[in-house]
Amino acid sequence: MTKRVAVLISGGGSNMVSLLRDMTGDHPCRPCLVVSNVPDARGLAKATDFAVCTAVVDHTTFAKDRAAFEAELQNVLVTAAPDIICLAGFMRILSAGFTAQWQGRMLNIHPSLLPKYRGLHTHQRALDAGDSHHGCTVHEVTAELDGGPILGQARIAIDDGDTPDTLAAKVLPYEHQLYPAVLRRYAAGDHTPIYLGV
Ligand code: GRF
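What comes next is a walk through the structure.

**A few points about the overall build of the protein**
Alright, step 1. Each helix and strand in the protein was counted, giving 6 helices and 8 strands.
Alright, step 2. Along the chain direction, N to C, the helices and strands of the protein fall in the order β-α-β-α-β-α-β-α-β-α-β-β-α-β.
Alright, step 3. The globule rule puts the C-alpha radius of gyration for 198 residues at 16 Å, and the 16 Å found for the protein is close to it.
Alright, step 4. Dimensions of the protein, computed from C-alpha atoms along their principal axes, come out at roughly 50 × 40 × 30 Å.
Alright, step 5. Within the protein, buried positions represent 47% of all 198 residues.

In structure tokens form, the structure reads like this:
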């Protein structure tokens, strides 16, 4: 039975594009909705190019009322009835109450080798730490920020002279490989982690 996938974005949606592009043919999933918290997110037009329905839940219209924002987001998602939710460059922290409603059905991609560097500015932090390697992680979303079970990682070497921007540029193509591969396996009920890169 084909699984319905909703993708949540906040920006350009390059990871969303890699997921939409892969969900064809014998893939166990098909996209049912792309939701952005940012009304003019460039990823929304890309979703439309793939003929995928889109929705906006603009967090700024709820002032500081996170619960109201999440209630509206939940309404939109329940209506779309996804089997799996993929956070893909989605830049809002979701509460424990919200994640609990989707636990075991929600994935995220994070640009670090978790558990290293949860949160923001991961590339700078890896450089500041003098790490020899860096990368990205796909994980199940739980109440703990960037803390859920790891479903895949891609690992790259950090080269002399790398900057946060060059690291981001080296990691992003691996994100685009890793996330679709993890979604395929996860949707088939296999949670065995996938490891790419060096
Ligand atoms: C990526 O580095 C991703 O890891 C992070 O947001 C960045 C942009 O993602 N979550 P996208 O191009 O919007 O998918």
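**Thoughts on the sheet that holds strand β5 (residues 106–110)**
Alright, step 1. Pairing within the open sheet is mixed, and its 8 strands lie in the order β3-β2-β1-β4-β5-β6-β7-β8. In this open sheet, the two strands that pair with only one neighbour each are β3 (54–56) and β8 (194–197). Between one strand axis and the next, the sheet turns by 20 degrees as a mean value, whatever way the strands run.
Alright, step 2. Sheet topology places strand β1 (residues 3–9) next to strand β2 (residues 29–36); 7 bridges connect them, and they run parallel. Within β2, the residue paired with Val-5 across the bridge is Pro-31.
Alright, step 3. Sitting on the sheet, helix α2 (residues 42–49) touches β1, β2 and β3, and the angle it makes with β3 is about 160 degrees.

**Remarks on the pattern of salt bridges**
Alright, step 1. As enumerated under the stated definition, the model contains 7 salt bridges in all.
Alright, step 2. Linking Glu-144 and Arg-118 is a salt bridge whose minimum nitrogen-to-oxygen distance equals 2.8 Å. Taken as a pair, Glu-144 in the loop between β6 (133–140) and β7 (150–157) and Arg-118 in the loop between β5 and α5 (122–128) lie far apart in primary sequence, 26 residues in all.
Alright, step 3. By relative accessible area, Glu-144 is classed as partly exposed at 43%.
Alright, step 4. Residues participating in the shared-partner salt-bridge network are Asp-22, Asp-26 and Arg-184.

**Some points on the site of the ligand**
Alright, step 1. Neighbouring the ligand are Gly-12, Gly-13, Ser-14, Asn-15, Gly-89, Ile-109, Pro-111, Leu-172 and Glu-175.
Alright, step 2. Within the contact set of the ligand, an oxygen atom lies 2.8 Å away from a backbone nitrogen or oxygen of Asn-15.
Alright, step 3. The fraction of the free accessible surface of the ligand (360 Å²) that becomes covered by protein chains is 78%.
Alright, step 4. Where the shell around the ligand is concerned, the elements lending two or more residues are α1 (14–22) and α6 (164–187).
Alright, step 5. A per-class count over the shell around the ligand returns 3 nonpolar, 5 polar and 1 charged.
Alright, step 6. Looking at which domains feed residues into the shell around the ligand, each of domain 1 (1–102) and domain 2 (109–198) supplies at least three.

**Here's the deal with the side chain of Thr-99**
Alright, step 1. The topology assignment puts Thr-99 in helix α4 (residues 96–102).
Alright, step 2. Those residues within four positions of Thr-99 in sequence are excluded, and the remaining contacts are Leu-94, Met-106, Val-141, Thr-142 and Ala-143.

**Thoughts on the nonpolar core**
Alright, step 1. Within the largest apolar cluster, 36 residues are counted, with the highest numbers of intra-cluster contacts made by Val-7, Ile-84, Cys-86 and Leu-183.
Alright, step 2. Top contributing element to this core by residue count: α6, with 8 residues.
Alright, step 3. Each of two domains, domain 1 (1–102) and domain 2 (109–198), supplies a minimum of three residues to this core.
Alright, step 4. The contact partners of Val-7, leaving out residues within four places of it in the chain, are Met-16, Leu-19, Leu-33, Val-34, Val-35, Cys-86 and Ala-88.
Alright, step 5. Counting 21 residues, the second-largest nonpolar core is a separate cluster that includes Ala-6, Val-35, Val-76 and Leu-94.

What counts, and at which threshold
- Residues numbered from 1 in each chain as written.
- Predicted model: local features only at pLDDT ≥ 70, side-chain atom pairs only at ≥ 80, totals over all residues.
- Heavy atoms only, no water.
- Helix = DSSP H or I, 4+ residues; strand = E, 2+ residues; numbered from the N terminus.
- Rg over C-alpha atoms; globule rule 2.2 N^0.38 Å.
- Buried < 20%, exposed > 50% of the residue type's maximum accessible area, 1.4 Å probe, protein only.
- Pairing = 2+ DSSP bridges.
- Axes fitted to C-alpha atoms, helices over the stretch in contact; angles between N-to-C directions.
- Contact = heavy atoms within 4.5 Å.
- Salt bridge = Lys/Arg side-chain N within 4 Å of Asp/Glu carboxyl O.
- Near = heavy atom within 4 Å.
- Polar contact = N/O pair within 3.5 Å; in protein donor to acceptor, adjacent residues only side chain to side chain.
- Areas by Shrake-Rupley, 256 points an atom, 1.4 Å probe, with all protein chains shown as cover.
- Nonpolar A, V, L, I, M, F, W, Y, C, P; charged D, E, K, R; others polar.
- Domains from an automatic or database assignment.
- Core = buried A, V, L, I, M, F, W, Y, C linked by side-chain atoms within 4.5 Å.

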